[in-house]
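What follows is each chain in one-letter form.
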Amino acid sequence: MAQSEINLDHDIPILHLSSFWAKSIIGLLAFVCFANSFDGDFVFDDSEAILNNKDLRAETSLGDLWIHDFWGTKLSSNASHKSYRPLTVLTFRVNYILAGGYHPVGFHVVNIILHCIVSLLMFDVFSILFGGLTYSSKGRRLNLAPKASLFAALLFAVHPLHTECVAGVVGRADLLCALFFLLSFLGYCKAFLQNNKEGKQFSISWILMSILLGAMAMLCKEQGITVLGLNVLFDAFVICKINMAGLIQKLLHRDKALEGAALLSKGFLLRIIFMASGGTAILYVRWRIMGTGPPAFTEVDNPASFADSILIRALNYNYYYSLNAWLLLCPWWLCFDWSMGCIPLIKSVSDWRIIALAALWFCLIGLIYQALCSEDSHKRRILSLGLGFLIIPFLPASNMLFRVGFVIAERVIYLPSVGYCMLITYGCSILNRQVKKKKLIAAAVLGIVLINVMRCISRNKQWRSEEQLFRSALSVCPLNAKVHYNVGKNLADKGNQTAAIKYYREAIRLNPKYVHAMNNLGNILKERNELLEAEELLALAVQIQPDFAAAWMNLGIVQNSLKRFEEAEQSYWTAIKHRKKYPDCYYNLGRLYADLNRHLDALNAWRNATALKPDHSLAWNNLIILLDNTGNLSHAEAVGREALELLPNDHSLMFSLANVLGKSQKYKESEALFLRAIKVNPNSASYHGNLAVLYHRWGNLEAAKKHYEISLKLDPIAPGTKENYSLLKRKLEQLQKRGHI
């Protein structure tokens, strides 16, 4: 055991605990940090990945999971996000089936458990990273750095930056990826037998198992494939004990010492071939499954990647790296979304923020130099592996390999934080060695852990609902148009249109090309009958994004309300051109045709709506009512029965069909449907009023009187009901005079 290894553990200011107690504390703190997220709602991306994802439902074939992306869209579609994570979606599906629906508690509990398991595995991973692979005479792997591995694992377990992964259900992808990532790494370590002091022997089975687990990590999230690169790095610095500085020096001096032969004799090149071949095969299969090219992101998703100047792109990318590093060091300002103006672009080298990326590279270059050139082999190993875990899993999110669809995403730092925890632990040991007041360092370490625990708990509360989550971002990213948009949408969904308008307007002010904010604001203004401004906003939205089908449809609705029928019809058909399967647009087109007395066109439009969306209740209702109004009772009855077979609990369909049956003098059946509709919706004045009319026609005058009175009590100013009730009362009075009652 090297002296530096003893010092590393000696200089960590925490208690020495057995493996059992260390893991118990890690698991307990990981649970305490995130336990209060268990009963949160589905928030933000959970809506698309879970609530709107048909792949979770039992009626969807399991095979579809393997050809769809994370959001349930076919990978071959141009609209696909290309996030291929079938194993993650499979766990969502199991959650859905076990819970019997979209109940968030089960989803959140699984996330908490996964984070606890990952945190426990981190103790074993850190024990290898800090202490190396050393075995007892009985073949048991020894933990030569128990205090260091405990401290690093604790830092990982309680890091507030992990809140998004644990409290947000879609963070399951990162948790599962990390689980298989660590299992792949530990499997690779298992390949080196305990009696293999020189690394000459290794288990091919465990190498293949490691590659398989790496593939499973990638099927949970794309960055999982990077574990193969880390395995190679670990092999080089721990198994083969490569000294890069010494190797370069020998090459420069043309020293033909048997360094290369030594590597070959240890099987290093053979293992690299295994890793490279496995990685290439996995990536090739992934590429074939994708079917098309990479996803198309927009400038608002990642503005730096659209900058014309290579220098500007490089400056901003590096600034983003520095911000990620800062979030690791100080996870206080956290935001669910960092896009849309949250981080203004650096446009020149005179921008003061250049200091941040200069500081980052100053630290990185210093660490890399020490990792390569230090005479202390243990120091070289720890720094190399720490930097490897920090950088390699982050590469897919770095914009270096391909354009990504975000500026900063806290969830992608889950795995890179392993390297951060390792470097901080090593730095803490050095600091403790230099400082005389050891208790002060110990108190600081305890304080950091406790502060992180408290920050996790408070951040979880913000992730419990969309309202709290979106509002928490206003103070962090006040320039983020998307934050204002989401706050506005949340308010609009709750019926607070006045407040929603304010936030939508601010979103558009911050981003004058924000078409979704224009569309939503236009909708609210349309409902408030502010039609001219609504038309202006929607027209601007489709001008900016000509294929925005929803905005075209809403523009058509506004034009219809303004009696500009030809323009409205053209807008509807433009919407359908850009979204061929658009039942709501066909429904609104049918309403337009009905207003123009183009009955056949209206019927065809509503039929298209029901064909595309069989549960489109409004389209079915309008079909029945139009056929009824045009005297085609037999056809109306047939359509009504067809609709009720598909939607047997829809009281509005029961009501419409009951009216048709009443006119066809099928009184008994009509009565039954009216009563069913009233049972579902007892406070509808029209339901009671029309049932009263049925009884009136049928001759059941007392029942008619009862339901007329209920209807008028619910709606005292209903003119038709008042007139019919007056007629009934006169008839009852006449019958009473004649002595018939």
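None of the values given here were measured: they were computed from a predicted structure. (Residues numbered from 1 in each chain as written. Predicted model: local features only at pLDDT ≥ 70, side-chain atom pairs only at ≥ 80, totals over all residues. Heavy atoms only, no water.)

What follows is about the overall build of the protein chain. Per the secondary structure count, the protein chain includes 34 helices and two strands. Counting across all 741 residues of the protein chain, residues that qualify as buried make up 52%. A separation of at least 24 residues holds for 66% of the contacts in the protein chain among residues at least 6 apart in sequence. For the protein chain, the exposed surface amounts to about 34900 Å²; the carbon and sulfur share of it is 61%. Separation of charge centres in the protein chain, based on 77 positive and 57 negative side chains, amounts to 6 Å. (Helix = DSSP H or I, 4+ residues; strand = E, 2+ residues; numbered from the N terminus. Buried < 20%, exposed > 50% of the residue type's maximum accessible area, 1.4 Å probe, protein only. Contact = heavy atoms within 4.5 Å. Areas by Shrake-Rupley, 256 points an atom, 1.4 Å probe, with all protein chains shown as cover. Lys, Arg positive; Asp, Glu negative; His and termini not counted. Charge placed at Lys NZ, Arg CZ, Asp CG, Glu CD.)

Attention shifts here to helix H13 (residues 268-290). End to end, H13 covers 33 Å across 23 residues, agreeing with the expected 33 Å (1.5 Å per residue, within 8%). Buried within H13 are the following residues: Phe268, Arg271, Met275, Gly278, Gly279, Ile282, Arg286 and Met290. (Expected span 1.5 Å × (residues − 1).)

Here the focus is the nonpolar core. With 222 residues, the main nonpolar core has Phe126, Phe130, Phe185 and Phe234 as its most contacted residues. In terms of nonpolar packing, the next biggest core, distinct from the first, is built from 13 residues, Ala49, Phe70, Phe107 and Val169 among them. (Core = buried A, V, L, I, M, F, W, Y, C linked by side-chain atoms within 4.5 Å.)

Further remarks concern the packing of helix H28 (residues 617-629) against helix H29 (residues 633-646). The interhelical angle for the contact between H28 and H29, taken along N-to-C directions, is 165 degrees, at an axis separation of 8 Å. By the angle class used here, H28 and H29 are roughly antiparallel. Considering only the axes of H28 and H29, their crossing is left-handed. Between H28 and H29, the residues in contact are Trp620, Leu623, Ile624, Leu627 and Asp628 and Leu633, His635, Ala636, Val639, Gly640, Glu642, Ala643 and Leu646, respectively. (Axes fitted to C-alpha atoms, helices over the stretch in contact; angles between N-to-C directions. Parallel < 35°, antiparallel > 145°, perpendicular 65-115°, else oblique. Left-handed = near helix turned anticlockwise from the far one by under 90°.)

It is worth spelling out the layout of surface pockets at this point. What the second largest pocket holds in volume is close to 1300 Å³. Lining the second largest pocket are 46 residues, with Tyr321, Ser322, Ala325, Trp326 and Leu360 positioned closest to its centre. For the lining of the second largest pocket, the secondary structure elements donating two or more residues are helix H14 (310-329), helix H15 (354-373), helix H16 (377-391) and helix H17 (417-434). (1 Å grid on protein atoms, 1.4 Å probe; cavity = no way out; pocket = protein on both sides within 12 Å on 5 of 7 lines; lining within 4 Å. Points joined across faces, edges and corners; volume = space filled by probe spheres on them.)

Moving on, we get to a nonpolar patch on the surface. Taken together, the side chains of Phe38, Val105, Val109, Ile113 and Ile117 make up a nonpolar region of the molecular surface, amounting to roughly 370 Å² of accessible area. Among the structural elements, Ile117 can be located in helix H5 (residues 104-131). (Patch = residues over 30% accessible without salt bridge, like charges linked within 9 Å, V, L, I, M, F, W, Y side chains within 5 Å. Salt bridge = Lys/Arg side-chain N within 4 Å of Asp/Glu carboxyl O.)

What follows concerns the side chain of Asn622. Assignment of secondary structure puts Asn622 in helix H28. Discounting chain neighbours no more than four positions away, the residues touching Asn622 are Tyr587, Arg591 and Trp606.

With that settled, consider the confidence of the model for the protein chain. For the protein chain, per-residue confidence averages 89 on the pLDDT scale, and 94% of positions sit at 70 or higher. Contacts of residues 1-6 to residues separated by more than four positions or lying in other chains number seven contacts, the stretch itself having pLDDT below 50. This model gives residues 258-265 a pLDDT under 50, and the stretch forms eight contacts once residues within four places in sequence are excluded. (pLDDT = per-residue confidence, 0-100.)

This chain's UniProt record puts "repeat: TPR" (unreviewed entry) on residues 481-514, 583-616, 651-684 and 685-718. The span residues 685-718 carries 82% helix and 0% strand; its end-to-end C-alpha distance comes to 8 Å. (UniProt positions renumbered as here; feature names shortened; annotations may be inferred.)

What follows concerns the pattern of salt bridges. Under the defined criterion, the tally for this structure stands at 28 salt bridges. Residues Glu222 and Arg85 are paired through a salt bridge, measuring 3.1 Å at the closest nitrogen-oxygen approach. Here Arg85 lies in the loop between helix H3 (46-51) and helix H4 (86-99) and Glu222 lies in the loop between helix H9 (204-220) and helix H10 (227-239), a separation of 137 residues in the sequence. Since its relative accessible area comes to 11%, Arg85 is described here as buried. For Lys494, the salt bridge is made with Glu467, and the minimal N-O distance between the two is 2.5 Å. Of this pair, Lys494 sits in the loop between helix H20 (481-493) and helix H21 (497-510) while Glu467 sits in helix H19 (residues 466-476); the two residues are 27 residues apart in sequence, bridging distant segments of the chain. When its relative accessible area of 54% is taken as the criterion, Lys494 is described as exposed. For Glu467, a relative accessible area of 31% gives the class partly exposed. Each of Glu637, Arg641, Lys666 and Glu669 takes part in salt bridges that share partners, so that together they form one network.

Time to look at the side chain of Thr88. Within the secondary structure, Thr88 sits in helix H4. We classify Thr88 as buried; its relative accessible area is 0%. With residues up to four places along the chain from it excluded, the contact list for Thr88 reads Phe70, Arg172, Ala173, Leu176, Leu219 and Cys220.

Taking 1.5 Å per residue, 14 residues should reach 20 Å; helix H23 (residues 531-544) reaches 20 Å between its end C-alpha atoms and fits that length. Three or more residues of H23 are buried, namely Leu531, Ala534, Glu535, Leu537, Leu538, Ala541 and Val542. Buried residues in H23, looked at end-on, bunch into an arc of 165 degrees, giving them a common side. Facing away from the buried side of H23 by more than 90 degrees, the exposed set consists of Leu532, Glu536 and Gln543. Of the surrounding elements, those touching the buried residues of H23 are H21, helix H22 (515-527), helix H24 (549-561) and helix H25 (565-578). (Arc of directions from axis to C-beta.)

Within the structure shown, the criterion is met by 25 aromatic pairs. On the numbers, 5.2 Å between centres and 80 degrees between planes, the contact of Phe42 with Phe107 is edge-to-face. A residue pair is termed long-range when its members are at least 10 positions apart, and Phe42 in the loop between helix H2 (19-34) and H3 and Phe107 in helix H5 qualify at 65 residues. Note on Phe107: relative accessible area 0%, which makes it buried. Each ring, one from Phe44 and one from Phe336, has its centre 4.7 Å from the other, and the planes form 80 degrees; the classification is edge-to-face. Of this pair, Phe44 sits in the loop between H2 and H3 while Phe336 sits in the loop between H14 and H15, placing them 292 residues apart in sequence. Put simply, the rings of Phe42, Phe70, Trp71, Phe92 and Phe107 touch in pairs and so form one group of aromatic residues. In this structure, Arg85 packs its charged tip against the face of Phe70, placed 4.9 Å from the ring centre. (Phe/Tyr/Trp six-rings, centres within 6.5 Å; stacked < 30°, edge-to-face > 60°. Lys NZ or Arg CZ within 6 Å of the ring centre and 35° of its normal.)

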